[in-house]
Amino acid sequence: MATFPDHLVVGRFAPSPTGALHTGSLVAAVGSYLMAKQGGGRWVLRLDDLDRSRQVPGMADDILRTLESFGLLWDGEVAFQSRHQDDYQHFFELLQQAGSIYPCSCSRKEIARSASAPHPGDEGVRYPGSCRDGKTGAAIRSWRVRAPEAEICFSDLRNGRYCQKLSAVSGDFVIRRGDGEFAYQLAVVVDDYLAGVNQVVRGDDLLSSTPRQIYLQKLLGLPQPDYCHLPLVTGPDGLKLSKRDHLISSQLGNVVGRERSLLFAVLHFLGQNPPAELAECPPAAILEWGATHFQLLHLPAHGGTLGI
Ligand code: GLU
(Lines give C-alpha, C1' and ligand atoms only; values in the text may rest on other atoms or scores of the structure.)
Protein backbone atom coordinates (compact mmCIF):
# COMPACT_ATOMS: atom_id res chain seq x y z
CA MET A 1 0.00 0.00 0.00
CA ALA A 2 0.99 3.64 -0.38
CA THR A 3 2.75 5.00 2.71
CA PHE A 4 2.91 8.64 3.69
CA PRO A 5 4.15 10.35 6.88
CA ASP A 6 1.88 9.42 9.81
CA HIS A 7 0.60 12.90 10.40
CA LEU A 8 -0.36 13.54 6.78
CA VAL A 9 -4.05 13.42 5.95
CA VAL A 10 -4.85 11.41 2.85
CA GLY A 11 -8.36 12.16 1.68
CA ARG A 12 -10.11 10.97 -1.43
CA PHE A 13 -12.97 11.43 -3.83
CA ALA A 14 -14.43 8.31 -5.42
CA PRO A 15 -17.08 9.05 -8.04
CA SER A 16 -18.70 6.29 -10.11
CA PRO A 17 -18.57 6.85 -13.88
CA THR A 18 -22.25 5.97 -14.18
CA GLY A 19 -23.18 9.55 -15.00
CA ALA A 20 -21.85 13.08 -14.93
CA LEU A 21 -21.03 14.80 -11.65
CA HIS A 22 -23.91 16.72 -10.12
CA THR A 23 -24.08 19.40 -7.45
CA GLY A 24 -24.27 16.74 -4.71
CA SER A 25 -21.06 15.09 -5.91
CA LEU A 26 -19.40 18.52 -6.18
CA VAL A 27 -20.12 19.03 -2.46
CA ALA A 28 -18.43 15.70 -1.66
CA ALA A 29 -15.49 16.54 -3.93
CA VAL A 30 -14.97 20.02 -2.47
CA GLY A 31 -15.56 18.90 1.15
CA SER A 32 -13.07 16.03 0.90
CA TYR A 33 -10.57 18.29 -0.91
CA LEU A 34 -10.73 21.07 1.69
CA MET A 35 -10.47 18.70 4.64
CA ALA A 36 -7.43 16.97 3.10
CA LYS A 37 -5.69 20.18 2.05
CA GLN A 38 -6.47 22.02 5.29
CA GLY A 39 -3.39 20.61 7.00
CA GLY A 40 -1.32 20.21 3.83
CA GLY A 41 -2.50 16.68 3.12
CA ARG A 42 -3.03 14.75 -0.08
CA TRP A 43 -6.26 14.31 -2.03
CA VAL A 44 -6.44 11.25 -4.23
CA LEU A 45 -8.98 10.31 -6.86
CA ARG A 46 -10.48 6.92 -7.61
CA LEU A 47 -13.03 5.98 -10.23
CA ASP A 48 -15.42 3.39 -8.85
CA ASP A 49 -15.90 1.50 -12.08
CA LEU A 50 -16.63 -2.00 -10.76
CA ASP A 51 -20.18 -2.20 -12.02
CA ARG A 52 -19.59 -2.37 -15.77
CA SER A 53 -23.28 -2.69 -16.63
CA ARG A 54 -24.06 0.76 -15.18
CA GLN A 55 -21.15 2.65 -16.70
CA VAL A 56 -21.66 5.28 -19.35
CA PRO A 57 -18.89 5.49 -21.97
CA GLY A 58 -16.92 8.73 -21.81
CA MET A 59 -18.04 9.54 -18.26
CA ALA A 60 -14.72 8.78 -16.55
CA ASP A 61 -13.04 11.31 -18.79
CA ASP A 62 -15.84 13.82 -18.35
CA ILE A 63 -15.52 13.60 -14.55
CA LEU A 64 -11.76 14.18 -14.70
CA ARG A 65 -12.11 17.18 -17.05
CA THR A 66 -14.89 18.64 -14.92
CA LEU A 67 -12.86 18.36 -11.70
CA GLU A 68 -9.93 20.04 -13.44
CA SER A 69 -12.09 22.94 -14.52
CA PHE A 70 -12.96 23.54 -10.85
CA GLY A 71 -9.27 23.47 -9.91
CA LEU A 72 -9.88 20.24 -7.99
CA LEU A 73 -6.53 18.73 -8.89
CA TRP A 74 -5.77 15.34 -7.40
CA ASP A 75 -2.42 14.08 -6.16
CA GLY A 76 -0.74 11.16 -7.91
CA GLU A 77 -2.29 8.80 -10.42
CA VAL A 78 -6.03 8.24 -10.74
CA ALA A 79 -6.98 4.79 -9.36
CA PHE A 80 -9.52 2.56 -11.09
CA GLN A 81 -11.39 -0.14 -9.17
CA SER A 82 -11.51 -2.30 -12.29
CA ARG A 83 -7.72 -2.69 -12.06
CA HIS A 84 -7.72 -3.96 -8.46
CA GLN A 85 -9.19 -7.44 -8.97
CA ASP A 86 -6.07 -9.23 -7.70
CA ASP A 87 -6.10 -7.17 -4.51
CA TYR A 88 -9.79 -7.87 -3.90
CA GLN A 89 -9.09 -11.58 -4.48
CA HIS A 90 -6.28 -11.51 -1.92
CA PHE A 91 -8.45 -9.98 0.81
CA PHE A 92 -11.39 -12.21 -0.15
CA GLU A 93 -9.17 -15.26 0.43
CA LEU A 94 -8.09 -13.93 3.83
CA LEU A 95 -11.75 -13.68 4.85
CA GLN A 96 -12.39 -17.14 3.46
CA GLN A 97 -9.45 -18.63 5.38
CA ALA A 98 -10.70 -16.99 8.58
CA GLY A 99 -14.16 -18.54 8.09
CA SER A 100 -15.75 -15.07 8.08
CA ILE A 101 -17.70 -15.61 4.85
CA TYR A 102 -19.88 -18.29 3.32
CA PRO A 103 -21.33 -19.07 -0.11
CA CYS A 104 -25.04 -18.48 -0.58
CA SER A 105 -27.49 -19.56 -3.26
CA CYS A 106 -30.25 -17.09 -2.50
CA SER A 107 -31.23 -14.76 -5.31
CA ARG A 108 -31.97 -11.19 -4.34
CA LYS A 109 -31.98 -7.73 -5.85
CA GLU A 110 -29.23 -6.84 -3.40
CA ILE A 111 -26.89 -9.34 -5.04
CA ALA A 112 -27.46 -7.86 -8.49
CA ARG A 113 -26.65 -4.35 -7.29
CA SER A 114 -23.88 -5.16 -4.85
CA ALA A 115 -21.06 -3.75 -7.04
CA SER A 116 -22.41 -0.22 -6.59
CA ALA A 117 -22.43 1.91 -3.48
CA PRO A 118 -25.94 1.67 -2.02
CA HIS A 119 -27.85 4.93 -2.01
CA PRO A 120 -31.26 5.40 -0.39
CA GLY A 121 -33.80 3.04 -1.85
CA ASP A 122 -31.14 0.54 -3.04
CA GLU A 123 -30.57 -1.29 0.20
CA GLY A 124 -33.46 -3.72 0.24
CA VAL A 125 -34.31 -5.69 3.33
CA ARG A 126 -32.20 -7.46 5.91
CA TYR A 127 -30.90 -10.84 4.75
CA PRO A 128 -32.37 -13.50 7.06
CA GLY A 129 -29.30 -15.78 6.96
CA SER A 130 -30.95 -18.71 5.16
CA CYS A 131 -27.63 -20.09 3.83
CA ARG A 132 -25.59 -19.43 6.97
CA ASP A 133 -25.44 -23.06 8.02
CA GLY A 134 -24.57 -24.52 4.66
CA LYS A 135 -27.95 -24.71 2.88
CA THR A 136 -26.54 -23.35 -0.35
CA GLY A 137 -28.35 -25.45 -2.95
CA ALA A 138 -26.69 -25.79 -6.36
CA ALA A 139 -25.38 -22.49 -7.72
CA ILE A 140 -23.41 -20.00 -5.63
CA ARG A 141 -25.02 -16.62 -6.18
CA SER A 142 -23.06 -14.66 -3.61
CA TRP A 143 -20.52 -14.74 -0.80
CA ARG A 144 -21.66 -13.21 2.46
CA VAL A 145 -19.94 -11.99 5.60
CA ARG A 146 -21.34 -13.28 8.86
CA ALA A 147 -22.74 -10.17 10.51
CA PRO A 148 -21.80 -9.81 14.19
CA GLU A 149 -24.39 -9.54 16.97
CA ALA A 150 -22.44 -6.76 18.71
CA GLU A 151 -23.04 -3.18 17.62
CA ILE A 152 -20.43 -1.48 15.47
CA CYS A 153 -19.94 2.12 16.63
CA PHE A 154 -17.75 4.90 15.35
CA SER A 155 -17.42 8.62 15.77
CA ASP A 156 -18.29 10.51 12.60
CA LEU A 157 -16.56 13.90 12.40
CA ARG A 158 -19.89 15.63 11.69
CA ASN A 159 -22.64 13.29 12.86
CA GLY A 160 -20.93 12.25 16.10
CA ARG A 161 -21.32 8.75 17.52
CA TYR A 162 -23.11 6.37 15.16
CA CYS A 163 -23.90 2.76 16.02
CA GLN A 164 -25.41 -0.02 14.00
CA LYS A 165 -26.21 -3.62 14.79
CA LEU A 166 -25.35 -5.25 11.49
CA SER A 167 -27.16 -8.48 12.30
CA ALA A 168 -30.38 -6.49 12.65
CA VAL A 169 -29.92 -3.95 9.83
CA SER A 170 -28.25 -5.58 6.82
CA GLY A 171 -27.86 -9.12 8.11
CA ASP A 172 -25.04 -11.14 6.52
CA PHE A 173 -23.97 -8.88 3.68
CA VAL A 174 -22.66 -9.61 0.19
CA ILE A 175 -18.98 -9.04 -0.60
CA ARG A 176 -18.85 -10.96 -3.87
CA ARG A 177 -21.29 -12.16 -6.45
CA GLY A 178 -21.44 -15.74 -7.66
CA ASP A 179 -20.18 -14.59 -11.08
CA GLY A 180 -16.98 -13.43 -9.39
CA GLU A 181 -17.70 -9.69 -9.31
CA PHE A 182 -16.63 -8.09 -6.03
CA ALA A 183 -19.09 -5.95 -4.11
CA TYR A 184 -18.66 -2.28 -3.31
CA GLN A 185 -18.43 -2.92 0.45
CA LEU A 186 -15.26 -5.02 0.12
CA ALA A 187 -13.78 -3.01 -2.77
CA VAL A 188 -14.00 0.33 -0.98
CA VAL A 189 -12.23 -1.03 2.12
CA VAL A 190 -9.42 -2.53 0.06
CA ASP A 191 -9.08 0.52 -2.21
CA ASP A 192 -8.91 3.03 0.62
CA TYR A 193 -6.32 0.89 2.40
CA LEU A 194 -4.18 0.48 -0.74
CA ALA A 195 -4.18 4.22 -1.37
CA GLY A 196 -3.22 4.99 2.25
CA VAL A 197 -6.49 6.89 2.72
CA ASN A 198 -6.97 7.84 6.36
CA GLN A 199 -9.85 10.30 5.98
CA VAL A 200 -13.06 9.44 4.13
CA VAL A 201 -15.32 12.43 3.45
CA ARG A 202 -18.46 11.66 1.43
CA GLY A 203 -22.22 12.13 1.36
CA ASP A 204 -24.48 11.24 4.25
CA ASP A 205 -26.19 8.60 2.14
CA LEU A 206 -23.19 6.33 2.76
CA LEU A 207 -23.24 6.78 6.55
CA SER A 208 -25.24 3.58 6.99
CA SER A 209 -22.71 1.60 4.89
CA THR A 210 -19.82 2.64 7.13
CA PRO A 211 -20.36 0.06 9.93
CA ARG A 212 -20.12 -2.72 7.31
CA GLN A 213 -16.86 -1.23 6.07
CA ILE A 214 -15.50 -0.85 9.60
CA TYR A 215 -16.41 -4.45 10.35
CA LEU A 216 -14.46 -5.61 7.28
CA GLN A 217 -11.48 -3.48 8.39
CA LYS A 218 -11.64 -5.17 11.79
CA LEU A 219 -11.81 -8.67 10.26
CA LEU A 220 -8.86 -7.91 7.97
CA GLY A 221 -6.80 -6.06 10.58
CA LEU A 222 -6.75 -2.86 8.48
CA PRO A 223 -6.53 0.65 9.95
CA GLN A 224 -9.83 2.51 10.28
CA PRO A 225 -9.90 5.90 8.52
CA ASP A 226 -11.62 8.92 10.03
CA TYR A 227 -15.08 9.39 8.56
CA CYS A 228 -17.02 12.56 7.86
CA HIS A 229 -20.40 12.30 6.16
CA LEU A 230 -21.56 15.56 4.63
CA PRO A 231 -25.16 16.78 4.41
CA LEU A 232 -26.94 16.06 1.15
CA VAL A 233 -28.00 18.57 -1.47
CA THR A 234 -31.74 18.30 -2.01
CA GLY A 235 -34.14 19.70 -4.55
CA PRO A 236 -36.28 22.73 -3.59
CA ASP A 237 -38.99 20.33 -2.34
CA GLY A 238 -36.52 18.86 0.16
CA LEU A 239 -36.42 15.61 -1.79
CA LYS A 240 -33.27 13.79 -2.84
CA LEU A 241 -31.61 15.29 -5.90
CA SER A 242 -32.04 12.95 -8.81
CA LYS A 243 -28.89 12.03 -10.73
CA ARG A 244 -30.27 13.83 -13.78
CA ASP A 245 -30.74 17.10 -11.94
CA HIS A 246 -28.03 19.64 -11.44
CA LEU A 247 -25.56 17.88 -13.71
CA ILE A 248 -22.13 19.45 -13.94
CA SER A 249 -20.32 18.24 -16.98
CA SER A 250 -17.58 19.63 -19.15
CA GLN A 251 -18.98 17.43 -21.94
CA LEU A 252 -22.36 19.12 -21.69
CA GLY A 253 -20.51 22.44 -21.75
CA ASN A 254 -22.42 23.70 -18.72
CA VAL A 255 -19.44 24.38 -16.45
CA VAL A 256 -17.64 27.17 -18.26
CA GLY A 257 -18.20 30.46 -16.50
CA ARG A 258 -20.04 28.87 -13.56
CA GLU A 259 -17.06 27.49 -11.66
CA ARG A 260 -16.73 30.46 -9.31
CA SER A 261 -20.39 30.76 -8.41
CA LEU A 262 -20.71 27.00 -7.89
CA LEU A 263 -17.62 26.77 -5.69
CA PHE A 264 -18.76 29.79 -3.72
CA ALA A 265 -22.20 28.21 -3.26
CA VAL A 266 -20.62 24.95 -2.08
CA LEU A 267 -18.54 26.78 0.56
CA HIS A 268 -21.76 28.41 1.75
CA PHE A 269 -23.57 25.08 1.75
CA LEU A 270 -20.76 23.66 3.91
CA GLY A 271 -21.29 26.49 6.40
CA GLN A 272 -17.92 28.09 5.76
CA ASN A 273 -19.05 31.75 5.41
CA PRO A 274 -16.85 32.87 2.51
CA PRO A 275 -16.48 36.67 2.15
CA ALA A 276 -18.58 38.08 -0.72
CA GLU A 277 -15.57 39.31 -2.69
CA LEU A 278 -14.28 35.73 -2.94
CA ALA A 279 -17.03 35.01 -5.49
CA GLU A 280 -15.06 37.05 -8.04
CA CYS A 281 -11.79 35.12 -7.53
CA PRO A 282 -10.51 32.28 -9.71
CA PRO A 283 -11.41 28.72 -8.63
CA ALA A 284 -7.92 28.00 -7.26
CA ALA A 285 -8.14 31.05 -4.97
CA ILE A 286 -11.61 30.06 -3.74
CA LEU A 287 -10.36 26.57 -2.90
CA GLU A 288 -7.28 27.97 -1.21
CA TRP A 289 -9.41 30.26 0.94
CA GLY A 290 -11.64 27.27 1.76
CA ALA A 291 -8.73 25.07 2.80
CA THR A 292 -7.13 27.80 4.91
CA HIS A 293 -10.34 28.76 6.71
CA PHE A 294 -12.10 25.42 6.91
CA GLN A 295 -13.94 24.89 10.22
CA LEU A 296 -15.26 21.42 10.93
CA LEU A 297 -17.62 22.80 13.56
CA HIS A 298 -19.29 25.02 10.97
CA LEU A 299 -20.54 22.10 8.90
CA PRO A 300 -24.34 22.31 8.98
CA ALA A 301 -26.53 19.79 10.76
CA HIS A 302 -28.86 19.45 7.79
CA GLY A 303 -28.68 19.49 4.03
CA GLY A 304 -30.85 21.56 1.72
CA THR A 305 -30.69 23.28 -1.63
CA LEU A 306 -27.46 24.65 -3.06
CA GLY A 307 -28.05 28.39 -3.32
CA ILE A 308 -27.16 29.03 -6.96
N1 GLU B 1 -18.48 5.55 -5.74
C2 GLU B 1 -19.45 5.79 -4.72
C3 GLU B 1 -20.55 6.67 -5.24
O4 GLU B 1 -20.36 7.36 -6.23
C5 GLU B 1 -18.88 6.47 -3.50
C6 GLU B 1 -18.01 5.58 -2.75
C7 GLU B 1 -17.49 6.15 -1.46
O8 GLU B 1 -17.33 7.38 -1.35
O9 GLU B 1 -17.22 5.36 -0.58
O10 GLU B 1 -21.60 6.69 -4.69
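Relevant structure appears above.
Residues numbered from 1 in each chain as written. Predicted model: local features only at pLDDT ≥ 70, side-chain atom pairs only at ≥ 80, totals over all residues. Heavy atoms only, no water.

J.: Would you mind going over the side chain of Asp51 in detail, with residue names and values included?
T.: For Asp51, the location among the structural elements is in the loop between β3 (42-47) and α2 (59-69). In this structure Asp51 is buried but unpaired, with Arg54 as the nearest side chain of opposite charge at 4.2 Å. For Asp51, the contacting residues outside a window of four places in its chain are Ala115, Ser116 and Glu181. (Helix = DSSP H or I, 4+ residues; strand = E, 2+ residues; numbered from the N terminus. Buried < 20%, exposed > 50% of the residue type's maximum accessible area, 1.4 Å probe, protein only. Lys, Arg positive; Asp, Glu negative; His and termini not counted. Salt bridge = Lys/Arg side-chain N within 4 Å of Asp/Glu carboxyl O. Contact = heavy atoms within 4.5 Å.)

J.: Requested: an account of the nonpolar core, with residues and values cited.
T.: In this structure, Val30, Leu67 and Leu72 are the most contacted members of the largest nonpolar core, which totals 45 residues. Contributions of two or more residues to this core are made by α1 (23-37), β3, α2, β11 (226-230), α8 (259-269) and α9 (283-293). In terms of residues, this core owes the most to one element, α1, which gives 9 residues. Residues in contact with Leu67, not counting those within four places in the same chain, are Phe13, Leu21, Ala29, Leu45, Leu72 and Trp74. Listed in part, the 35 residues of the second largest apolar core include Val44, Phe182, Leu186 and Val197. (Core = buried A, V, L, I, M, F, W, Y, C linked by side-chain atoms within 4.5 Å.)

J.: I'd like a description of the pairing of strand β1 (residues 10-13), backed by residues and values.
T.: Neither face of β1 is open: one carries Val10 and Arg12, the other Gly11 and Phe13, and all of them are buried. The pairing of β1 with β3 spans 4 bridges and is classified as parallel. Looking at the pairing, Gly11 lines up with Trp43 of β3. (Pairing = 2+ DSSP bridges.)

J.: Tell me what's going on with the state of the cysteines, and back it up with residues and numbers.
T.: Applying the stated rule across the entire model yields 1 disulfide. Between the sulfur atoms of Cys153 and its disulfide partner Cys163 the distance amounts to 2.1 Å. The sign of the 110 degrees torsion about the S-S bond sets the Cys153-Cys163 disulfide as right-handed. One end of the pair, Cys153, is in strand β7 (residues 152-156); the other, Cys163, is in strand β8 (residues 160-164), with 10 residues separating them in the sequence. Summary of cysteine pairing: Cys228 is not part of a disulfide, and the nearest cysteine sulfur, belonging to Cys163, is at 17 Å. (Disulfide = S-S within 2.5 Å.)

J.: Describe the pattern of salt bridges, naming the residues involved and giving the relevant values.
T.: Summed over all chains, the structure comprises 12 salt bridges. The residue Arg12 makes a salt bridge to Asp192 at a minimum N-O spacing of 3.0 Å. Here the residue Arg12 occupies a position in strand β1, and Asp192 occupies one in helix α6 (residues 184-194), the gap between them amounting to 180 residues. An identical accessibility class is assigned to Arg12 and Asp192; each is buried. In this structure, the salt-bridge partner of Arg177 is Glu181, at a minimum N-O distance of 3.2 Å. Each member of the pair, Arg177 as well as Glu181, is classed as buried. One network of salt bridges, in which partners are shared, links Arg12, Arg46, Asp48, Asp191 and Asp192.

J.: A description of the site of the ligand should follow, citing residues and the corresponding values.
T.: Taken together, Arg12, Ala14, Ser16, Asp48, Ala117, His119, Tyr184, Val188, Arg202 and Leu206 make up all the residues around the ligand. In this structure, Arg12 approaches the ligand through a side-chain N or O atom, which is 2.7 Å from an oxygen atom. A distance of 2.8 Å separates an oxygen atom of the ligand from a polar side-chain atom of Tyr184. Taking 300 Å² as the accessible area of the ligand by itself, protein coverage stands at 88%. Looking at the shell around the ligand, its residues break down into 5 nonpolar, 2 polar and 3 charged. (Near = heavy atom within 4 Å. Polar contact = N/O pair within 3.5 Å; in protein donor to acceptor, adjacent residues only side chain to side chain. Areas by Shrake-Rupley, 256 points an atom, 1.4 Å probe, with all protein chains shown as cover. Nonpolar A, V, L, I, M, F, W, Y, C, P; charged D, E, K, R; others polar.)

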